[in-house]
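Topology and contacts: notes
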Amino acid sequence: MPDEAAQSAEQNLLPLDSNERVIAFRDERGMPRRHIFAPPRLKLAEVREFFQQAHDEMLASARKPGAGRDLAKPRRALYRALVLRVEGYTLTGGRPFCELTNWIERLPPAHRLGAVNLLMGVTRAERAAEIDPEFDAVELEADWNGAQPDALTKFSGLLHRFEPFTEDDLHEFQHKTSRVTEVKGAREPKFLQAAPEKVMLDFYDQKIRAVEGYSVGGQLLADAEQIRAWMDPFHKISALGPLVREYLVPGGAAAGEEEEAE
Amino acid sequence: MRAELEAAALAVFEAQLEAAYGAAMAERSGQEAPAPPALTTDPALLRRVLHLMDIARRIEERRCGRLWADELLGLEAVRNARARFDAAHPQCPHCAAPLAKATDTRCWRCWSEIKN
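Only a predicted model underlies this, so the values are computations on that prediction, with no experimental measurement involved.

What counts as what
- Along each chain, residue indices are assigned from 1 in the same order as the chain's sequence is written.
- Naming scheme: in the order in which they are written, chains are lettered from A and ligands are numbered from 1.
- Reporting in this predicted model follows two pLDDT cut-offs: at least 70 for local features of residues, and 80 or more for side-chain atom pairs to be given and counted; totals over whole chains, interfaces and linings ignore these cut-offs and use all residues.
- Here a helix means four or more residues in a row that DSSP labels H or I, a strand means two or more in a row labelled E, and each is numbered from the N terminus.
- Burial is judged by counting other C-beta atoms within 10 Å of a residue's own C-beta: 20 or more means buried, 12 or fewer means exposed, and anything between counts as partly exposed, with every C-beta placed from the backbone.
- Two residues form a contact once the distance between their C-beta atoms, set from the backbone, is within 7 Å.
- In this scheme, strands are said to pair when DSSP sees at least two bridges between them.
- Angles run from 0 to 180 degrees between N-to-C directions of axes, and those axes are lines fitted to C-alpha atoms, restricted for helices to the stretch in contact.
- Amino acids are sorted into nonpolar (Ala, Val, Leu, Ile, Met, Phe, Trp, Tyr, Cys and Pro), charged (Asp, Glu, Lys and Arg) and polar (every other residue, Gly among them).
- Helix span, as expected, comes to 1.5 Å for every residue beyond the first.
- Per-residue confidence from the predictor is reported as pLDDT, a score between 0 and 100.
- Linking buried Ala, Val, Leu, Ile, Met, Phe, Trp, Tyr and Cys residues through C-beta atoms within 7 Å yields a set, and such a set is a nonpolar core.
- What the arc measures is the spread of directions leading from the helix axis to the C-beta atoms.
- Orientation categories follow fixed angle ranges, with anything under 35 degrees roughly parallel, anything over 145 roughly antiparallel, 65 to 115 roughly perpendicular, and all other angles oblique.

What follows covers the overall build of chain A. Secondary structure summary: chain A contains 10 helices and 12 strands in total. Buried positions account for 31% of the 262 residues belonging to chain A. Restricting the contact set of chain A to residue pairs at least 6 apart, pairs at least 24 apart contribute 62%.

Spelled out as structure tokens, the structure:
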């Protein structure tokens, strides 16, 4: 029986069911480094927490510009929550690096941040997806585990098809992402707000209808239920985010309504 | 929370007037429009208030569907803020622009004389 990952690679399908996410790169001195993570889809609570922390930091930074916020802190927390081990690092004396109790702290900070950035790395394809007669489509490109030990494999043609948003959907999105809760007992007035990405994850699951370019068990994903279960959360955000922004214009009206009003 | 939302909404209304007033004065004098005033409102509150103002606009246009309970409370705060703003900035009887001050004798937008 052929190896499923190899089969997917042959078909140029991104294998969502990789047991581990391997981030391989060469560092500034040309040394091959590998950071092995748990798949983010299996650590959704931690991913959601990352988005919330990043949003909280952004709000705090907007409240007090120039107050020296540590905007990389959420990424470091995400690294710690997801990393399983590293390869390509050696200790003096030749002992295995991950035997250290504090091996995460002993890694160069730039490597940790670089690896977590690559783990989240997915971009919208420059080539616009063709207009679908029924669905809203967004095409992505991403680096993922590949056959090479010191590099990632680029996958393109990652197409996500969504049921078009209604005015009620957009209202719900705006409602959920703008709701504020006051922090009781804070020295200065402080308000919490849900990170938009957390709401987007729910909306993705609600609106996704089909994807192309991904595989599970070497096969294309068959239905929305399978997509919800297996899709990488960073791919969900990267697919839905641009779509939501296209729908919304300043003030929160739907772009389509402007056209109708003319 | 309602008091904070009301204060944030009032700050937005005032900033909108200041921006429109500044642009009109600049146009009249042939100068470049000044930068819009910077709001010191909490960014989370500001986002909520802009959402509530959008709902208020959609209700006026009769195209708003269901509302959440906290949106209804928030809308009340926006309405109160609007009432305070309208009291501080009566409308020009000619063009309906809010006057910069209640005691103004000339409208900043249509330049009509106002009889107090």
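Here the focus is the sheet that holds strand S10 (residues 208-212) of chain A. Residue and element names in this part refer to chain A. Spatial ordering of the open sheet is given by S5-S6-S7-S10, a layout of four strands whose pairing is antiparallel. The outermost strands of the open sheet, each flanked by one partner alone, are strand S5 (122-124) and S10. Put simply, the sheet's adjacent strands are angled 30 degrees from each other on average, direction ignored. One ladder, built from three bridges, connects S5 with strand S6 (residues 136-144); its direction is antiparallel. Note on S6: the bridge partner recorded for Val122 is Ala142. Against the sheet, helix H9 (residues 233-247) makes contact with S5, S6 and strand S7 (153-162), and its axis sits at roughly 145 degrees relative to S6, the strand it touches most.

To continue, consider the sheet that holds strand S3 (residues 32-37) of chain A. Residue and element names in this part refer to chain A. Taken in spatial order, the three strands of this open sheet run S2-S3-S4, and their pairing is antiparallel. The open sheet has two edge strands with one neighbour each: strand S2 (21-26) and strand S4 (83-87). Each adjacent strand pair in this sheet contributes to an overall mean axis angle of 15 degrees, direction not counted. With six bridges joining them, S2 and S3 adopt antiparallel strand pairing. Across the sheet, residue Arg26 finds its bridge partner in S3, namely Pro32. Packing against the sheet, helix H5 (residues 109-120) makes contact with S2 and S3, and its axis sits at approximately 125 degrees to S2.

Another aspect to go through is the environment of Ala102 of chain B. Residues and elements named next belong to chain B. Among the structural elements, Ala102 can be located in the segment after helix H3 (69-88). Each C-alpha atom of the pair Ala102 and Ala87 lies 8.1 Å from the other, and the pair is 15 residues apart in sequence. What Ala102 contacts, discounting residues up to four positions off in sequence, is Ala88 and Pro90.

Bringing the interface of chain A and chain B into the picture now. Reports often express the size of an interface as the amount of accessible area lost when the parts come together. Taken together, the contact pairs 17 residues of chain A with 15 residues of chain B. Secondary-structure elements contributing two or more residues to the side of chain A that touches chain B are helix H2 (44-63), helix H6 (167-178), strand S8 (180-182) and strand S9 (191-193) of chain A. Sorting elements by how many residues they give to the side of chain A that touches chain B places H6 of chain A first, with five residues. Taken together, the residues of the side of chain A that touches chain B sort by class into six nonpolar, seven polar and four charged.

This part covers helix H1 (residues 2-29) of chain B. All names here are of chain B. Compared with the 40 Å implied by 1.5 Å per residue over 28 residues, the 40 Å span of H1 between its first and last C-alpha is a close match. Buried within H1 we find Leu5, Glu6, Ala8, Ala9, Leu10, Val12 and Phe13. Where H1 is buried, its residues contact helix H2 (43-60) and H3.

This paragraph deals with the confidence of the model for chain A. Caution applies to low-pLDDT regions: their predicted coordinates should not be interpreted in detail. Taken over all residues, the pLDDT of chain A has a mean of 86, while the share at 70 or more is 89%. Contacts for the low-pLDDT stretch residues 250-262 of chain A, under 50 throughout, to residues beyond four places or in other chains number 15 contacts.

Residue and element names in this part refer to chain B. Counting all residues, the mean pLDDT for chain B is 90, and 99% of those residues have values of 70 or more. Here H1 is the element of chain B with the lowest mean pLDDT, 91, and H3 is the one with the highest, 94. Across the predicted assembly, pTM comes out at 0.84 and ipTM at 0.81.

A word on the nonpolar core. Counting 32 residues, the largest nonpolar core has Leu14, Ala142, Leu158, Met200, Tyr204, Tyr214 and Leu240 of chain A as its most contacted members. Listing elements by their share of this core, those giving two or more residues are S6, S7, H6, helix H7 (196-207), S10 and H9 of chain A. Ranked by size, the runner-up nonpolar core spans 18 residues in total, among them Ala8, Leu46, Val49 and Ala81 of chain B.

Here the focus is H5 of chain A. Residues and elements named next belong to chain A. Under the 1.5 Å per step criterion, the end-to-end length of H5 is 17 Å for 12 residues, consistent within 8% with the ideal 16 Å. Those residues of H5 that fall on the buried side of the exposure criterion are Arg112, Ala115, Val116 and Leu119. All buried residues of H5 fall inside an arc of 95 degrees around its axis, so they share one side. Buried residues in H5 make contact with S2, S3 and helix H3 (73-82).

Residue and element names in this part refer to chain B. It is at 9 Å that the axes of H1 and H2 come closest, and there the two elements cross at 75 degrees. Regarding the angle of H1 to H2, the classification is roughly perpendicular. Seen from H1, the contacting residues are Glu4, Leu5, Ala8, Ala9 and Val12; seen from H2, they are Leu45, Leu46, Arg48 and Val49. Along the lines of polarity and charge, the residues of the contact of H1 with H2 split into seven nonpolar, no polar and two charged.

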